[in-house]
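Structural overview for review
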Amino acid sequence: MTQELRFDGKVVIVTGAGNGLGRSHALMFGARGAKVVVNDLGGGIHGGGQSSSAADKVVAEIKALGGEAVANYDSVEHGDKIVKTALDAFGTVDIVINNAGILRDVSFQKMTTEDWDLIQKVHLKGSFSVTHAAWPIMRDKGYGRVLFTTSGAGIYGNFGQANYSAAKLGIYGLASTLAIEGRSKNIHVNTIAPIAGSRLTETIMPPEMIAALKPESVSPLVGWLCHESCQETSGLFEVGASYFSKLRWERSLGHVFGTNKNISIEDVANKWEKIGDFTDAEHPTTINDTFGVINAAIAHKSLGGNQFIDLDTASSASVVRECSYDERDLSLYALGVGAGADPLDAKELALIHEANENFCALPTYAVMQPANGIVQALYDGNGGLPGLNFGFDRVLHGEMYTEIKALLPSRAKLKNTYTLKAAYDKNPHAVTVLAISTTDETGEELAYNEFTAFVRGGGGWGGDRGPSGDANKPPERDADIVIEERIDPGQALLYRLSGDTNPLHVDPAFAKSFGYDKPILQGLCSFGYIGRHLIKACCDGDPRKFKSIRVRFAETVFPGDTLVTRIWKESDTRVLFEVSVKERGKLVIKGGVGEFFKDALVRKPRSAAVAAEQVNAASPDDVFSVVAAFIAEHPDLAAKTKTSFQFNLKGPDSQWIIDLKDGAGSCKAGKLDKPDVTIDLDSALIEKVMTSTLPEIQKLYFGGKIKIGGNVAASNKLTAVLGIDKNRYTKKAIAA
Ligand SMILES: CCCCCCC[C@@H](O)CC(=O)SCCNC(=O)CCNC(=O)[C@H](O)C(C)(C)COP(=O)(O)OP(=O)(O)OC[C@H]1O[C@@H](n2cnc3c(N)ncnc32)[C@H](O)[C@@H]1OP(=O)(O)O
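Now for a description of the structure that goes with this document. Only a predicted model underlies this, so the values are computations on that prediction, with no experimental measurement involved. (Residues numbered from 1 in each chain as written. Predicted model: local features only at pLDDT ≥ 70, side-chain atom pairs only at ≥ 80, totals over all residues. Heavy atoms only, no water.)

1. As for the packing of helix H3 (residues 79-90) against helix H4 (residues 113-141)
So the rule is basically this: Each axis is a line fitted through C-alpha atoms, taken for helices only over the stretch in contact, and angles between the N-to-C directions span 0 to 180 degrees. The helix count covers DSSP runs of H or I at least four residues long, the strand count covers runs of E at least two residues long, and both are numbered beginning at the N terminus. Our angle categories are set so that under 35 degrees counts as roughly parallel, over 145 as roughly antiparallel, 65 to 115 as roughly perpendicular, and the remainder as oblique. By the definition used in this description, the sense in which the near helix is turned from the far one sets the handedness, with an anticlockwise turn below a right angle giving left-handed and a clockwise turn giving right-handed. Any two residues whose heavy atoms approach within 4.5 Å are treated as being in contact. Classification used: nonpolar for Ala, Val, Leu, Ile, Met, Phe, Trp, Tyr, Cys and Pro, charged for Asp, Glu, Lys and Arg, polar for all others including Gly.
Running from amino to carboxyl end, H3 crosses H4 at an angle of 45°, the nearest separation of the two axes being 7 Å. As summarised for this structure, H3 and H4 are arranged oblique, according to the angle between their axes. When you trace H3 past H4, the crossing you get is right-handed. For the pair formed by H3 and H4, the contact residues are Gly79, Asp80, Ile82, Val83 and Leu87 on the first element and Ser129, Val130, Ala133, Ala134 and Ile137 on the second. Among the residues making up the contact of H3 with H4, the classes are represented as seven nonpolar, two polar and one charged.

2. Let's talk about the packing of aromatic side chains
Our working rule: Pairing of aromatic side chains here covers Phe, Tyr and the six-membered ring of Trp, requires ring centres within 6.5 Å, and sorts the geometry by plane angle: under 30 degrees stacked, over 60 edge-to-face, intermediate tilted. Remark: a charge is flagged as sitting over a ring if the NZ atom of Lys or the CZ atom of Arg is within 6 Å of the ring centre and within 35 degrees of the ring normal.
In total, this model carries nine aromatic pairs according to the counting rule given. Each member of the aromatic cluster is reached from another via a ring pair, and the members are Tyr325, Tyr333, Tyr365 and Tyr495. Sitting over the face of the ring of Tyr529, Arg532 holds its NZ or CZ atom 5.5 Å from the ring centroid.

3. Here we look at the site of the ligand
Where we set the bar: The near set for a molecule or strand comprises every residue that places at least one heavy atom within 4 Å of it. Nitrogen and oxygen atoms within 3.5 Å of one another constitute a polar contact, given that in protein one can donate a hydrogen and the other can accept it, and given that sequence-neighbouring residues count only through two side-chain atoms.
Around the ligand there are 27 residues in total, and Lys426, Ser468, Asp500, His505 and Phe553 lie nearest to it. Measuring from an oxygen atom of the ligand, one finds a side-chain N or O atom of Lys426 at 2.8 Å. Between Phe553 and the ligand, the recorded distance is 2.8 Å, taken from a backbone N or O atom to a nitrogen atom. Elements supplying a minimum of two residues to the shell around the ligand: helix H14 (368-380), strand S10 (395-404), strand S13 (445-455) and strand S15 (546-553). Its residues assigned to classes, the shell around the ligand shows 11 nonpolar, 10 polar and six charged.

4. Considering the pattern of salt bridges
We apply this condition: Salt bridges are counted wherever a side-chain nitrogen of Lys or Arg sits within 4 Å of a carboxyl oxygen of Asp or Glu. We call a residue buried when its accessible area falls under 20% of the maximum for its residue type, exposed when it is over 50%, and partly exposed in between, using a 1.4 Å probe and counting protein chains only.
Summed over all chains, the structure comprises 25 salt bridges. Close ionic contact of Glu484 with Lys582 constitutes a salt bridge, the shortest N to O distance being 2.8 Å. Within this pair, whereas Glu484 is found in strand S14 (residues 481-486), its partner Lys582 is found in the loop between strand S17 (574-581) and strand S18 (586-596), the two being separated by 98 residues in sequence. Residue classification places Glu484 among the partly exposed residues on the basis of a relative accessible area of 46%. Through salt bridges with shared partners, a single ionic network connects Glu4, Arg6 and Asp8.

5. As for the environment of Asp507
Checked against the element boundaries, Asp507 lands in the loop between helix H15 (491-495) and helix H16 (508-514). Sequence spacing of Asp507 and Lys518 is 11 residues, and the spatial spacing of their C-alpha atoms is 8.1 Å.

6. Looking at the sheet that holds strand S9 (residues 319-325)
Keep this limit in mind: Here, a strand pair is defined by DSSP locating no fewer than two bridges between the strands.
Taken in spatial order, the 10 strands of this open sheet run S9-S11-S12-S13-S10-S15-S18-S17-S16-S14, and their pairing is antiparallel. Strands with a single pairing partner mark the edges of an open sheet, and in this sheet they are S9 and S14. When strand polarity is set aside, the average angle formed by the axes of neighbouring strands in this sheet is 20°. As defined by bridge partners, S14 adjoins strand S16 (residues 562-571) across six bridges and the pair is classed as antiparallel. From the neighbouring strand, Ile481 faces S16, where its bridge partner is Ile567. In the packing of helix H17 (residues 523-538) onto the sheet, contacts are made with S10, S13, S14, S15, S16, S17 and S18, and the angle to S15 comes to roughly 135°.

This is the structure we're talking about:
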């Protein structure tokens, strides 16, 4: 900032401006264009006497510098008179500097009531009185800057200054409330605790220190806080001898016993260390920050001595959440975890392009829907999921285990059943393990997940510490396979669209409040990358061979990092792995274990009820499901599938091969030479079905001509027909 900050046209009252700090402030304002009311009673430092000479001298100094100033000799107890001087001379008041003060230092033992009252009168009541007289003027004009002067003696206490300490901390309380009341009227209120050599301090400081503590080194802070371009309000600053700093409150995370418990003195004594433990301390800035904590404590009914983990639910019934996904979700997720960086990589394209004949869900998508249920619960601070009594401000994803039980369909309605498997007290933190079983509409279990949450400051209830140490350490030899991949700097923003909208990954301010320099990558995003690495390295690129993965998120990963996955083969179906970040040489994933199926999982036909809902579907999966459902409903055809059953599903321009065997099978684009059955799609028939059943779909999608494969919109039409009217259509076709 190079432009001079001036106060032209602004009217400033500086109390106690005849000497020391007040004089320095007044000269600074005068030199920068302000009209200054130089108030000074001209008394001694202990409150006796009166003289106009001190104020007059400073007025003369300001005028000599080319500025405008008037003197005022009233006591600050009569703030209205001081403000009247400003109004009479300059017509308004813009800035009030409450600086005047005296000392009556004496030990508390010897302090008289008069010593006490006098100090309260000059400091606390004086600050009130001047500010109170100027307040309506500043409110009416919608502009004001008020500065109060407190002291280290007020903030920290000081021997022999009980009266002064009380008044000075009272001033800070006054300032804090005025900052709130003035905010809507553009009145900013700040407080400084100056350390300066002045008449008040020369009796208690050695001369060389007094010389170093020039009042002139305090005034620049006063000038900045009172400038119209400064937005600071409610601040408290220590300043002196070229040192400028800001103070704030700090509060330990504390301890909540739970309101259902009668708290004893012994309970408090037992938790004393925790109550005073400033690890992960908070910095409250408003009274609501305190009420929030108290309300949370009142709201807690079943804490059993801990605030964030609902231990009661550890043994209670599971919670079920329903959700669904489709091809678009799978594609978006695959992109979110780095697939498609090379659009010509055919194996990865099959994870993204829903009409690809090998289209298949990335197996790690199995974590996504269960995770989204947790994310929703975290938004609520307690979404009814077992164990969760905390929000995003506490949680880091600690560990993850995912096991695939059946091939994920390209679309499904899911039931996720959440159970709190364990809660460990890693004092001062906590670790919870949520077990989630995922089933589809048919009741078949598709996946099993274990989410481990690291809950900052959530421990300390004296519970079991749980497993310790590093599990699944890799052997001390070079890795068998190393895969390196850079995460795009914008990856967290793309990944969050799959559902993990935790602000920690997108909002720089939130990340800062959590203790990070910038937003961090979602744990499950790294997880997805690593899943892809394992598929590439250990499944020959076939996601259908992927069985399970276990990781510990040991260090933070940031978007833009390069992941280096090191894999050690234990057998054909099991590996250990670790992941580090190339740029920082940090190990970010420890204890990794991957397991694989010897033979790729195969699709199983889904029930007719499920298939009937596959309208507007676009993928081979859906075509397959519908046809397989039809077959299942026709015993003659079903019997054939026990051995092998193949047929062509033919449209005017392209064809699908459906291949069924032992209740499982595949569907891909192409034409069999010798199919068991050929179902010939007749566009006239389709048009008739569409016209009679779904004219709006026809209007949108159907132009009298159907294409299959390659053309997604056309695939929609095909499966819509099969789904809606499959019996009528396929019967006729097969009969033909
Ligand atoms: C849960 C469902 C989530 C669903 C998704 C929604 C939320 C998401 O948006 C949130 C995220 O994605 S966060 C991003 C991913 N996670 C991270 O970046 C965390 C990385 N890990 C760390 O920073 C440290 O390990 C850290 C900070 C976690 C721990 O480090 P320290 O404090 O140094 O701990 P330390 O002293 O080493 O160990 C204390 C005890 O805790 C155990 N522990 C350590 N790391 C753990 C971890 N990652 N998971 C589980 N337990 C862990 C230690 O073993 C130790 O216990 P003991 O002494 O008994 O061995």
